[in-house]
There are 4 protein chains.
Amino acid sequence: MTIKVGVLGAQGRVGQAVVAGVTAADDLELVAQIDRDDTLQTLIDAQADVIVDFTTPNVVMDNLEFCLTHGIHCVVGTTGFTPERLTQVEAWATSNNTNCLIAPNFAISAVLTMQFAKQAARFFDSAEVVEYHHPNKLDAPSGTAIHTAEGIAAARHAAHLPAMPDATTQALDGARGANVDGVPVHAVRMTGMVAHEEVIFGSQGQTLIIRQDSYDRMSFIPGVLLGVRNVGTHPGLTVGLEHYLGI
Amino acid sequence: MTIKVGVLGAQGRVGQAVVAGVTAADDLELVAQIDRDDTLQTLIDAQADVIVDFTTPNVVMDNLEFCLTHGIHCVVGTTGFTPERLTQVEAWATSNNTNCLIAPNFAISAVLTMQFAKQAARFFDSAEVVEYHHPNKLDAPSGTAIHTAEGIAAARHAAHLPAMPDATTQALDGARGANVDGVPVHAVRMTGMVAHEEVIFGSQGQTLIIRQDSYDRMSFIPGVLLGVRNVGTHPGLTVGLEHYLGI
Amino acid sequence: MTIKVGVLGAQGRVGQAVVAGVTAADDLELVAQIDRDDTLQTLIDAQADVIVDFTTPNVVMDNLEFCLTHGIHCVVGTTGFTPERLTQVEAWATSNNTNCLIAPNFAISAVLTMQFAKQAARFFDSAEVVEYHHPNKLDAPSGTAIHTAEGIAAARHAAHLPAMPDATTQALDGARGANVDGVPVHAVRMTGMVAHEEVIFGSQGQTLIIRQDSYDRMSFIPGVLLGVRNVGTHPGLTVGLEHYLGI
Amino acid sequence: MTIKVGVLGAQGRVGQAVVAGVTAADDLELVAQIDRDDTLQTLIDAQADVIVDFTTPNVVMDNLEFCLTHGIHCVVGTTGFTPERLTQVEAWATSNNTNCLIAPNFAISAVLTMQFAKQAARFFDSAEVVEYHHPNKLDAPSGTAIHTAEGIAAARHAAHLPAMPDATTQALDGARGANVDGVPVHAVRMTGMVAHEEVIFGSQGQTLIIRQDSYDRMSFIPGVLLGVRNVGTHPGLTVGLEHYLGI
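This structure is a prediction, so every number in the text was calculated from the model and none was measured.

Draft legend 1. Spatial organisation of the side chain of Thr207 of chain A. Among the secondary structure elements, Thr207 of chain A is positioned in strand β12 (residues 206–214). A distance of 3.1 Å separates polar atoms of two side chains, one belonging to Thr207 of chain A and the other to Tyr215 of chain B. In this structure, Thr207 of chain A is in contact with Phe201 and Gly202 of chain A, Ser109, Arg211, Gln212, Asp213 and Tyr215 of chain B together with Met190, Thr191 and Met193 of chain D, ignoring residues within four places of it in sequence.

What follows is the structure, encoded as structure tokens:
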């Protein structure tokens, strides 16, 4: 049985990619494409089971209220969710028996990297993160790399690991990277690259590397489709794709 | 409270490394070193809590019977366990309330690579394994790489994934690697290298790489110590270090 | 002083990228865009110094004859050059004091990989090539990887190196890759990847890796611009961008 | 015809490895092992063609004076050569028609990495260096990485390349690495690793990576043997193994 999908923000660059992704999937049926001038009523008429929302912070709450109170599950990549907004979305979902997935990152490989890094962290003496991005990026390190390092640091702390070994006494400024809760993070900016993250763990005589490469901006599509396929079985509000991965 | 440890096969190359590793650990106390001409009674006199056995298939069963029936937990890297032997060991353990860990591979990074590969497999269209070893190795691919590929294939099968995409119509013999249950496995033999395994997963616009490097033959020590520290809380017989990693 | 550039095949996908690349370069001036229905006379009127030809085998010879006999240097990515064709092009160039660069591969990183591989080959016991491509590729290994392996084999042969060490006695079919003149070549096919080549050399206690990644189809542009800027100083016919790299 | 080799500092850890390396080579004959209490006259009696010196700064000059004035070529890994010392060595060599190679680094893969990095630098918009070492190392970045970055910077300068693109406006301290003449250098310290250097170049749609891994401390042996085999044909004093690589 196919899932009937509506796409909100369907004319946007990301929305168009979602439309293409849904259309290409055998088990999904694209039943509505909504953009700025369209009415949400279309979703009801088309009997949408699930909507995907890549719109803007100023319209997303209206979209979610409408859908969640009309029996339609929501998969959301729009940004700008404050704790207050999340509480409101959860209330809509639970009081209507509808489900909602809100995720800051739909790239499955990036989400898995972060999860595996958290799981591996307590077994190794050393851990560092190296991220690589195109040179037009404004922040260094990337938010994902900082988040990964924080997850590693928390796992090390929970396991009562001591500080990492580092005998450096003579260093050029910046050589040892940024210190994120005790985990060194290095940011490379390189023409030609897109978005890449490498987490390195070391123990006696061995290393473990978990590396994620995003080659183009369509890398979020498989994660969105995973969300669409599984939102029906995750009650209420879920924040973060990792909770859909079963690991 | 420190754990009292006895080492069996203490004069062997591996045993010596275990002795050094136990000695260097603050929370472990080396209380006995047993080799060919020593009596196992020494373990009782020394009040060993746990023994580590890296001996040979023809003495290991006697060692385990003695220890498990005298209240001593066992961590075992010796090879040659048939199903019959495992059943026997389990009987000794359960009837004496003692515990035993038998593991073919104590390199934590290798065990994690295999576990993460199994967890990630169902989220990706493509998966291949490339392993790298010194040129004196007799088998290709390595047993670990074959085992990893089998785990990936089983996870893909359980998730009802179709065959991997591969449009190759014109290939030199061997170019696409060995086919292990549908997963291509490539073996590189290279002077200077030790033992390295890379698992590559691909999906739309992204890849995930899990890589393990063993730089020297001491890489099993952290896994043995992990076994020693945790064997007391894993009742009966456990086969495989992965069951001690909590993932 | 800027170089005046004409682009032939300007409406094609590659031609459009060349037009964009020339336009973006401060030291180059785009003076003509020629496609199927345009006359080559436009190049003379526009006083083109250099043309770039990404057309088809059935028109390229007419294009080159016209340009080389009218004082215009040529940078050519079109395929299908037989030895006879090359002899003809060389005759046009030398008798008119014009220059022509014909290259099968304009990706500088790929050309450098091949050159460095040839230079390094004689210093190492072991050498293997692993290439990675999207799964729609028809041939395995890639032509570039085969060419790289042949270059390594020739360099090893010239240095009288013995066969590579490899103790493998028990192998799954295909595990050790394709044998290209004694150099193992492994081909990975992976959704999400584009085109990547890794050359690995090993010697006592050390390895050297030369790796090239192409992330999108525009990776040939810097090489074309390099050709345009330097064709004026390389007399007659040159086949292969490597001769322009001064290494 | 075999080359007769004497080893100075033969009892030292490095010297012992050189002895083993010379002994294992078919085309070399070990004719003398000299250490603290031995007389250099032994080298004459044994008709040594070439000596290898891994001793200390306070005896190396006496060793070289003796050998170079007695017709014996020298391959030297001992440190501490000031400009004055080099001038003196050169004088001994040229006035006696003997040859001397002094090299700070005999790991061929490291020397090639540096040479290839210099050659590639002018073809790319971006270049960064990431080095990885065991956590007992005192300096960061490594001397080799700094030297590599300086070579890249000099090549970019000679080619009149502009500064690398980098839009970073918001960075954690240290995230973008150490700045060595405009080339970012990142230093990772990791239990389990030995000594590894990766040079990354980027241009439109592509990257080139040159990576060197040293897995153990014997990685200098092939370079020493290369020196021994070729010192006879490089007149006078040569500083740096790169001059023996013919690239």
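Draft legend 2. Molecular detail of the domain arrangement of chain A. Residue and element names in this part refer to chain A. Along its sequence, chain A is organised into domain 1 (3–102 + 218–244) and domain 2 (108–215). For domain 1 and domain 2, the distance between their C-alpha centres works out to 32 Å. At the junction of the two partners, domain 1 supplies six residues and domain 2 supplies four residues. Approximately 380 Å² of surface area, both sides summed, lies buried where domain 1 meets domain 2, with 72% of it carried by carbon and sulfur atoms. For domain 1, the biggest contributors to the area lost against domain 2 are Ser219, Leu241 and Glu242; these three give 78% of the whole. Our count for the domain 1 to domain 2 interface comes out at zero salt bridges. At the junction of domain 1 and domain 2, the tally comes to zero residue pairs in polar contact (both at pLDDT 80 or more). Broken down by class, the residue content of the side of domain 1 that touches domain 2 amounts to three nonpolar, two polar and one charged.

Draft legend 3. Region of the structure containing the confidence of the model for chain A. Considering every residue of chain A, the mean pLDDT works out to 96; 100% of them sit at 70 or more. Scored as a whole, the predicted complex attains pTM 0.95, and scored at its interfaces, ipTM 0.94.

Draft legend 4. Fine view of the packing of helix α5 (residues 108–120) of chain A against helix α5 (residues 108–120) of chain B. Their axes nearest at 12 Å, the elements α5 of chain A and α5 of chain B cross at an angle of 145 degrees. For the element pair α5 of chain A and α5 of chain B, the recorded crossing hand is right-handed. The segment α5 of chain A lies against α5 of chain B, with Leu112, Phe116, Gln119 and Ala120 of chain A engaging Leu112, Phe116, Gln119 and Ala120 of chain B. Residues that form the contact of α5 of chain A with α5 of chain B fall into these classes: six nonpolar, two polar and no charged.

Draft legend 5. Main features of helix α1 (residues 13–24) of chain A. All names here are of chain A. Along its 12 residues, α1 runs 17 Å from first to last C-alpha, staying within 8% of the 16 Å computed at 1.5 Å per residue. Within the sequence span of α1, burial applies to Gly15, Ala17, Val18, Val19, Gly21 and Val22. Among the structural elements, β1 (3–8), β2 (28–34), β3 (50–53) and α7 (221–230) are those in contact with the buried residues of α1.

Draft legend 6. Representation of the interface of chain D and chain B in the model. Tallying the contact residues gives four residues for chain D and four residues for chain B. Approximately 400 Å² of surface area, both sides summed, lies buried where chain D meets chain B, with 68% of it carried by carbon and sulfur atoms. For chain D, the biggest contributors to the area lost against chain B are Gly192, Met193 and Tyr215 of chain D; these three give 87% of the whole. Where chain D meets chain B, there are zero salt bridges. Across the contact surface, chain D and chain B share zero residue pairs in polar contact (both at pLDDT 80 or more). Broken down by class, the residue content of the side of chain D that touches chain B amounts to two nonpolar, two polar and no charged.

Draft legend 7. Looking closely at the relation of the copies chain D and chain B. Taken as rigid bodies, chain D and chain B are interconverted by a rotation of 180 degrees and an axial shift of 0.0 Å, the fit giving an RMSD of 0.1 Å. The operation mapping one copy onto its partner corresponds to a two-fold rotation axis. Closest approach to the rotation axis within chain D is made by the C-alpha atom of Tyr215 of chain D, at a distance of 3.3 Å. Residue by residue, 100% of the interface of chain D is reproduced at the interface of chain B, so both copies engage with the same surface.

Draft legend 8. Quick look at the interface of chain B and chain C. Opposite the 47 residues of chain B that make contact, chain C presents 48 residues. Interface of chain B and chain C: buried area, both sides summed, is about 3200 Å²; carbon and sulfur atoms make up 61% of it. On the chain B side of the contact with chain C, Leu138, Met190 and Thr191 of chain B bury the most area, a combined 16% of that side's loss. Where chain B packs against chain C, one counts zero salt bridges. Elements represented by at least two residues in the side of chain B that touches chain C include exactly β6 (126–133), β7 (139–140), β8 (170–171), β9 (178–180), β10 (183–189), β11 (195–203) and β12 (206–214) of chain B. Residues belonging to the side of chain B that touches chain C are distributed by class as follows: 22 nonpolar, 16 polar and nine charged. Looking at chain direction, β7 of chain B and strand β8 (residues 170–171) of chain C are connected through two bridges and run parallel. Following the sheet pairing, Ala140 of chain B is matched in β8 of chain C by Ala171 of chain C.

Conventions and cut-offs
Residues numbered from 1 in each chain as written. Chains lettered and ligands numbered in written order. Predicted model: local features only at pLDDT ≥ 70, side-chain atom pairs only at ≥ 80, totals over all residues. Heavy atoms only, no water. Helix = DSSP H or I, 4+ residues; strand = E, 2+ residues; numbered from the N terminus. Polar contact = N/O pair within 3.5 Å; in protein donor to acceptor, adjacent residues only side chain to side chain. Contact = heavy atoms within 4.5 Å. Domains from an automatic or database assignment. Buried area = accessible area lost by both parts, 1.4 Å probe. Salt bridge = Lys/Arg side-chain N within 4 Å of Asp/Glu carboxyl O. Nonpolar A, V, L, I, M, F, W, Y, C, P; charged D, E, K, R; others polar. pLDDT = per-residue confidence, 0-100. Axes fitted to C-alpha atoms, helices over the stretch in contact; angles between N-to-C directions. Left-handed = near helix turned anticlockwise from the far one by under 90°. Expected span 1.5 Å × (residues − 1). Buried < 20%, exposed > 50% of the residue type's maximum accessible area, 1.4 Å probe, protein only. Least-squares fit on C-alpha atoms with pLDDT ≥ 70 in both. Pairing = 2+ DSSP bridges.

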